[in-house]
Amino acid sequence: MTRPLVALACSAETWDDVRHDAVRHKYVAALEEVAECTVVLVPGDGHTFAGRLDRFDGLVLGGHETNVAPQRYGASDGPGPFDPDRDALALALIPAAVEAALPLLGICRGLQELNVVHGGTLRTLDPGTHREDLSLPRDEQYLPAHEIRIVEGGTLDELTDRIGSARVNSLHGQAVDRLGAGLRIEAEAPDGVVEAVAVTGGHPFGLAVQWHPEWYATTDGLSRRIFHAFGEAARKYTAGR
């Protein structure tokens, strides 16, 4: 069977005073090796690309060092750095994907973007809360850091065979404040931070998580299941064309 073609949103980075469209290879590897999809990197501001999503079988919005600009969710300030092009790209692609019932996977910033698109807001976490220890080697920063409670009856509950809880990593400074319309909570941390949400309204697969399953996607059971489920949803979408 032909591999599903999925769009992976890029972020803007500046190196040597030159603009680059960038994405960490960990996302590409997880999508290719675990989800078994073919990946196309999507740069730019998204205003033209949103009309081309009919060529794809899925959309992925991963994390990055930047945060969604506070003006996008009605706040006066929020922690930077910011990436206006990534904001524009995500806020154009997500509504188009939801309308087309395109399989959608959001990770970290991707969850926050999904919430903002649906009219939700974000909050800044206390310093040190849910943040990685930068003194550790990079691979250790992505090891499990805390427990999550998986909400019964949701997408995450189903794809994990109703295990009820799990341990995840934690590398973010913002979180969902007010949940957007058309979303449901799929998992929470012990301190109440929303750790996963899903798109409601009969969407076949619209899942976003606050942690980073891409880092150990080939070896961590929960991470592997998330990417496998996304790949299966993309294959079903392909078959239904």
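Each remark here, short or long, concerns the structure printed above.
All of the points below concern the structure found in this document.

Definitions and limits used
- Residues numbered from 1 in each chain as written.
- Predicted model: local features only at pLDDT ≥ 70, side-chain atom pairs only at ≥ 80, totals over all residues.
- Heavy atoms only, no water.
- Phe/Tyr/Trp six-rings, centres within 6.5 Å; stacked < 30°, edge-to-face > 60°.
- Buried < 20%, exposed > 50% of the residue type's maximum accessible area, 1.4 Å probe, protein only.
- Lys NZ or Arg CZ within 6 Å of the ring centre and 35° of its normal.
- 1 Å grid on protein atoms, 1.4 Å probe; cavity = no way out; pocket = protein on both sides within 12 Å on 5 of 7 lines; lining within 4 Å.
- Points joined across faces, edges and corners; volume = space filled by probe spheres on them.
- Helix = DSSP H or I, 4+ residues; strand = E, 2+ residues; numbered from the N terminus.
- Nonpolar A, V, L, I, M, F, W, Y, C, P; charged D, E, K, R; others polar.
- Salt bridge = Lys/Arg side-chain N within 4 Å of Asp/Glu carboxyl O.
- Pairing = 2+ DSSP bridges.
- Axes fitted to C-alpha atoms, helices over the stretch in contact; angles between N-to-C directions.
- Contact = heavy atoms within 4.5 Å.

**Here we look at the packing of aromatic side chains**
Logical step 1: Within the structure shown, the criterion is met by 3 aromatic pairs.
Logical step 2: Ring geometry for Phe-49 and Phe-56: centres 5.6 Å apart, planes at 40°, overall tilted.
Logical step 3: Looking at Phe-49, the relative accessible area reads 13%, which means it is buried.
Logical step 4: Positioned over the ring face of Trp-215 is Lys-26, at 4.7 Å from the centre of the ring.

**Description of the layout of surface pockets**
Logical step 1: Volume-wise, the largest pocket comes out at about 450 Å³.
Logical step 2: Taken together, 27 residues form the lining of the largest pocket, with His-64, Glu-65, Arg-131, Glu-132 and Leu-171 sitting closest to its centre.
Logical step 3: Looking at the lining of the largest pocket, the elements that each hand over two or more residues are α3 (109-117) and α4 (138-141).
Logical step 4: Class assignment for the residues of the lining of the largest pocket results in 7 nonpolar, 13 polar and 7 charged.
Logical step 5: The space that makes up the second largest pocket amounts to roughly 310 Å³.
Logical step 6: As for the second largest pocket, its lining consists of Thr-155, Glu-158, Leu-159, Pro-204, Phe-205, Arg-225, His-228, Ala-229, Glu-232, Ala-233 and Lys-236.
Logical step 7: Looking at the lining of the second largest pocket, the elements with two or more residues in it are α5 (155-159) and α6 (221-239).
Logical step 8: In the lining of the second largest pocket, the residues fall into 5 nonpolar, 2 polar and 4 charged.

**Here we look at the pattern of salt bridges**
Logical step 1: The final tally for this structure, using the stated rule, is 14 salt bridges.
Logical step 2: As a salt-bridge pair, Arg-241 and Asp-57 come within 2.8 Å of each other at their nearest N and O atoms. Placement of the pair is Arg-241 in the segment after α6 and Asp-57 in the loop between β4 (38-42) and β5 (58-61), with a sequence separation of 184 residues.
Logical step 3: Look at Asp-57 and you get buried, because its relative accessible area is 5%.
Logical step 4: Ionic pairing is found between Arg-109 and Glu-113, a salt bridge with its closest N-O pair at 2.4 Å. In this pair, Arg-109 and Glu-113 both sit in helix α3, 4 residues apart, roughly one turn of the helix. Here the two residues Arg-109 and Glu-113 agree in accessibility, since each one is buried.
Logical step 5: Bridged by salt links that share partners, the residues Arg-86, Asp-87, Arg-109 and Glu-113 form one connected network.

**Focus on the sheet that holds β5**
Sheets are built from strands paired through backbone hydrogen bonds, the pairs being either parallel or antiparallel.
Logical step 1: Taken in spatial order, the 9 strands line up as β4-β1-β5-β6-β13-β12-β11-β8-β9 in an open sheet, and their pairing is mixed. In this open sheet, the two edge strands, each paired with only one partner strand, are β4 and β9 (165-168). Strand-to-strand twist in this sheet, taken as the mean axis angle between neighbours without regard to direction, amounts to 25°.
Logical step 2: Contacts from α3 reach β5, β6 (104-107), β11 (183-188), β12 (194-199) and β13 (206-209), with the element oriented near 115° to β6.
Logical step 3: The sheet strands contacting α6 are β1 (5-9), β5, β6, β9 and β13, and the helix crosses β6 at an angle near 150°.

All quantities given are derived from atomic positions and should not be read as evidence of function.
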